[in-house]
Amino acid sequence: MKELSKHPCFHAEARGQYARVHLPVAPKCNIQCNYCNRKYDCSNESRPGVASTVLSPLQAVHYLRALTDRMPHIGVVGIAGPGDPFANTGETLQTLRLVKQAFPDKLLCLSTNGLDLAPCMDEIAELGVSHLTVTINSLRPETLSKMYRWVRYNRRVYRGAEAGNVLLEQQLGVIPLLKANDITVKVNTVVCPGVNDAEVTEIAGKVASLGADAMNVIPLYPAEHTEFGSLPEPSKGLMKKIRSEIARCIRPMTHCARCRADAAGLPGQDDVEAMQMIGQFSTRVVNRGEGRERVAVASHEGLLVNQHLGEARRMYVFEQSANGYHFVEIRHTPPEGSGLQRWAELAGKTLSDCKAILVAGIGETPMRVMQDNGIRVIQMSGLIDAGLDAVYLNLPLKTLCRSEYTRCGESCRGVGTGCG
């Protein structure tokens, strides 16, 4: 069991002992806050939503390895933007998978507006996310209409009070789901004088009733070139009063450092060298198949490569051993009918530890998705061992084979509905 009290943002007593790192892999956002200006190149500001650069999932895990060598006391790995993790679902989940595989001892944490979280609930629970923050700024749609320019949900853009209703429904709905999965929940509220400062206690009571564990009230940072850029920052007296009031309902967080989306180090004491390191890793070209040692095979019986990927209901997984090749297990492929999502799930989740796949045929779309996820595709027919020799020993195929880039057939569109 991981020690949850090691999270320095959720537990004040851990603040000076355990460092945290935010991996900036989520640049896109699904809402536009009137107080947010997500500039990447402002390294002198410490505020949510700002980062100096953006990393790919693979760049992020390489950066984390190097950073852990420098800071072995990192206890928490989080994703907090610079956009929203669930407006970048693919990047977020792939990063979590890679981090979990490389650092199973680290706590995993996310910070989100909650809008697109619900569809990913099962997966983040399976990945072991232990802490999650949801930003909720009001329970009143008319107030939310003043705080957000627009909200994009299910491919539709909402504005005004309608946007507030859509956002609030999703935010309040995810808290019980998170608690049902034993995830520690913190609610953030940005206090904007004259806008929502009189509503914070109301928010505290509601989220506490839904099961939230803690609440963090954050004073507005008046960012330039935003709608709220001319508002005053809340006084220390006002913030103290609000924290005292919400304490009647929920445990208040009192040591927030308004962390950047690329923060690294102890809260409030971000490491300067880490900022230089992250810039270096953002330009590094990494091998997408690095660290993967297994090979998946589309086969009817586990002896021959004799199935097209679209018709395969299961994959045979092998790995190299001291005595040749070792059969690991059978894995079921995602169900048909989900189009591109089927191939993305197969490559990014089902075969996330595989560096190659042996198939008798494959469509253009799944071919591209496999390669984009670092999985080498070999089209061939014949003994599985011959294909494994090609992967592990770099031997030429001695069986009837096809080019890695040959299309499955002119009629195969790779839409995830199975072979006809």
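This text goes with the structure placed above it.
Residues numbered from 1 in each chain as written. Predicted model: local features only at pLDDT ≥ 70, side-chain atom pairs only at ≥ 80, totals over all residues. Heavy atoms only, no water.

Draft legend 1. Representation of the environment of Ala-264 in the model. Among the secondary structure elements, Ala-264 is positioned in strand 11 (residues 264-266). A relative accessible area of 2% places Ala-264 in the buried class. Between the C-alpha atom of Ala-264 and that of Gly-78, which follows or precedes it by 186 residues, the distance is 10.0 Å. (Helix = DSSP H or I, 4+ residues; strand = E, 2+ residues; numbered from the N terminus. Buried < 20%, exposed > 50% of the residue type's maximum accessible area, 1.4 Å probe, protein only.)

Draft legend 2. Looking closely at the sheet that holds strand 2 (residues 31-33). Taken in spatial order, the three strands of this open sheet run 2-6-7, and their pairing is antiparallel. Of all the strands in the sheet, just strand 2 and strand 7 (156-158) have a single pairing partner and so form its edges. The mean angle between the axes of side-by-side strands here comes to 20 degrees, regardless of whether they run parallel or antiparallel. Across three bridges, strand 6 (residues 148-153) lies against strand 7 in antiparallel orientation. Within strand 7, the position partnered with Arg-152 by the bridge is Val-157. Sitting on the sheet, helix 5 (residues 160-180) touches strand 6 and strand 7, and the angle it makes with strand 6 is about 55 degrees. (Pairing = 2+ DSSP bridges. Axes fitted to C-alpha atoms, helices over the stretch in contact; angles between N-to-C directions. Contact = heavy atoms within 4.5 Å.)

Draft legend 3. Representation of the nonpolar core. In terms of nonpolar packing, the biggest core is built from 77 residues, with Val-21, Tyr-35, Tyr-63, Leu-67, Ile-124, Ile-136 and Leu-178 touching the most fellow members. Among the elements that line this core, the one with the most residues is helix 5, at eight residues. Ignoring sequence-local partners within four residues, the contact set of Tyr-35 consists of Thr-135, Asn-137, Met-147, Tyr-148, Val-190, Cys-192, Leu-220, Tyr-221, Ala-223, Thr-226 and Phe-228. Counting 19 residues, the second-largest nonpolar core is a separate cluster that includes Ile-357, Met-367, Val-369 and Ile-375. (Core = buried A, V, L, I, M, F, W, Y, C linked by side-chain atoms within 4.5 Å.)

Draft legend 4. Up close: the side chain of His-22. Checked against the element boundaries, His-22 lands in strand 1 (residues 19-22). With residues up to four places along the chain from it excluded, the contact list for His-22 reads Gly-78, Ala-80, Cys-259, Arg-260, Ala-261, Asp-262 and Ala-263.

Draft legend 5. A look at the pairing of strand 17 (residues 354-359). The element strand 17 is extensively covered by neighbouring structure, given that five of its six residues are classed as buried. Pairing geometry for strand 13 (residues 294-297) and strand 17, over four bridges, is parallel. Bridged to Val-295 within strand 17 is Ala-356. Relative to strand 18 (residues 376-379), strand 17 runs parallel, the two sharing four bridges. Looking across to strand 18, one finds that Ile-357 is bridged to Val-377. Once you follow strand 17 into helix 10 (residues 364-372) and on to strand 18, the crossover reads as right-handed. (Right-handed = clockwise from strand over helix to strand, strands pointing away.)

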